Amino acid sequence: MAAGPRSKAEEDAPASRAQSDANRKLKYISLAVLVVQNASLILSIRYVRTLPGDRFFATSAVVMAEVLKLVTCLLIILLQTRLSLRETAGLLHDAIVVQYKDTLKLAVPSLIYTLQNNLQYVAISNLPAATFQVTYQLKILTTALFSVLMLRKSLSRVQWVSLLLLFAGVAIVQVQQEGNKEASLANGANQNYTVGLVAVVISCLSSGFAGVYFEKILKGSSASVWMRNVQLGIFGTVLGLLGLWWNDGPAIAERGFLYGYTGMVWCVIFNQAFGGLLVAVVVKYADNILKGFATSFSIVVSTVMSVYLFGFHVDLLFTVGAGMVIGAVYMYSLPKAPAGSPSLSSSSASSASPRAVEGDEMEAFLPKSAGKEKGS
Ligand code: C5P
């Protein structure tokens, strides 16, 4: 049996398979790291904001995190060009100046994220950590909504139900956690619940919109995630500085930009910057909805961790909430019903979708999910 000459497509197949394997690996890894990062960030912010003593300026922390992200991305691009300053400068000039329209597009998520990052400090400073976490989970739903509206993703009815279940499960875990934590009730007198709640609700809308908008920009072009984050970081730094000047200008002029920075504050800032870059990677290799599952999972993980760390005890309510989260992950990963059965999408345009949300994307959580039988 004579084998004919191999076609170009056949020759390319192993390379593209290797590439997609590498991408899938990055997806698992980035989602898993996000679970751990997210579990530590909120608690550490709450911790540093409620410590007695000199309180650092949240606006300066936001700017510092933006600068760190910007510098990190520039270093990565420099490394990718094998430390060629010339090539790096050329790439930056092309992406930022020549393609200035793309750069301007990033002003939108940048503005929203800067607002969100500041609001997050307002919310966490005014609400018990658990209340913040529960309400902030509403972003699971805003993200799904914006994904359907802006990316024309199509979600089956089961997937919508799984998102509701996810939200309910995380809320139960949080409420239960709050009941167990007398410490969280020891609120300072200068905390304002309504202000905190408004801040967190606006953050949810902002998180859903900005995340999906960024995903649309990232997946609709060939520019690297690092270059996109340089563009985002430039706006983020400028806008963050404006926010700082507006909100704390005179106080910072008097006490200094780094006022109240302790080792722990630096840890929070590094954590936030790292988390921001991680979100960008997750959005590139997975998507915003999967990001929501990862962060929900992280809440269950952090609660289980506190069993060991703080002697927290698991009761029935926690078990029910955690069970709902795990059930939601499973439901979301179920294969879609065959074409023709009802699915809720923004329009009939799911064929134009950049990447419809499909069951097998959930393999990040369930490596052997049944999601191979795609219904769409
Ligand atoms: O809560 P949520 O997942 O919406 O938070 C996203 C965080 O990730 C924000 O702090 C935002 O500044 C950051 N981010 C980033 N770079 C991106 C996307 C998000 O730094 N490309």
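These numbers were taken from a predicted model, which means no experiment stands behind them.

**Quick word on the confidence of the model for the chain**
Here comes step 1: Of all residues in the chain, 79% have pLDDT values of 70 or greater, and the mean over the chain is 81.
Here comes step 2: Within the chain, the lowest mean pLDDT, 49, falls on strand β2 (residues 343-345), and the highest, 96, falls on helix α2 (residues 58-80).
Here comes step 3: Throughout residues 182-187 the model reports pLDDT below 50, and contacts reaching past four residues in sequence, or to other chains, amount to four contacts.
Here comes step 4: When the criterion is pLDDT under 50, residues 342-361 qualifies, and its contacts beyond four places in sequence or with other chains add up to 53 contacts.

**Focus: the site of the ligand**
Here comes step 1: Around the ligand, a shell composed of 14 residues is seen, among which K69, N117, Y136, S207 and K291 lie nearest.
Here comes step 2: Residue N117 places a side-chain N or O atom 2.6 Å away from an oxygen atom belonging to the ligand.
Here comes step 3: Y136 places a side-chain nitrogen or oxygen 2.7 Å from an oxygen atom of the ligand.
Here comes step 4: Protein burial of the ligand: of its 470 Å² of free accessible surface, 93% is covered by the chains.
Here comes step 5: Of all the secondary structure elements, the ones that give two or more residues to the shell around the ligand are α5 (107-126), α9 (193-219), α10 (225-255) and α11 (263-285).

**Details of the packing of α2 against α11**
Each pair of packed helices can be summarised by the angle the axes make with each other and by the distance between the axes.
Here comes step 1: Running from N to C, α2 and α11 point in directions that differ by 50°, and their axes come no closer than 9 Å. By the angle between their axes, α2 is oblique relative to α11. Handedness of the crossing formed by α2 with α11: right-handed. For the pair α2 and α11, contact is made by A61, M64, A65, L68, K69, T72 and C73 and by W266, I269, F270, Q272, A273, G276 and L277, respectively.
Here comes step 2: In terms of residue class, the contact of α2 with α11 is made up of ten nonpolar, three polar and one charged.

**Regarding the side chain of D248**
Here comes step 1: Of note, D248 is situated in helix α10.
Here comes step 2: For D248, the residues in contact, after removing those within four places along its chain, are F57, T59 and G243.

**Some remarks on the side chain of K153**
Here comes step 1: Inspection of the secondary structure assignment puts K153 in the loop between α7 (139-151) and β1 (154-156).
Here comes step 2: A polar side-chain atom of K153 sits 2.7 Å from a polar atom in the side chain of E215.

Thresholds applied
Residues numbered from 1 in each chain as written. Predicted model: local features only at pLDDT ≥ 70, side-chain atom pairs only at ≥ 80, totals over all residues. Heavy atoms only, no water. pLDDT = per-residue confidence, 0-100. Helix = DSSP H or I, 4+ residues; strand = E, 2+ residues; numbered from the N terminus. Contact = heavy atoms within 4.5 Å. Near = heavy atom within 4 Å. Polar contact = N/O pair within 3.5 Å; in protein donor to acceptor, adjacent residues only side chain to side chain. Areas by Shrake-Rupley, 256 points an atom, 1.4 Å probe, with all protein chains shown as cover. Axes fitted to C-alpha atoms, helices over the stretch in contact; angles between N-to-C directions. Parallel < 35°, antiparallel > 145°, perpendicular 65-115°, else oblique. Left-handed = near helix turned anticlockwise from the far one by under 90°. Nonpolar A, V, L, I, M, F, W, Y, C, P; charged D, E, K, R; others polar.

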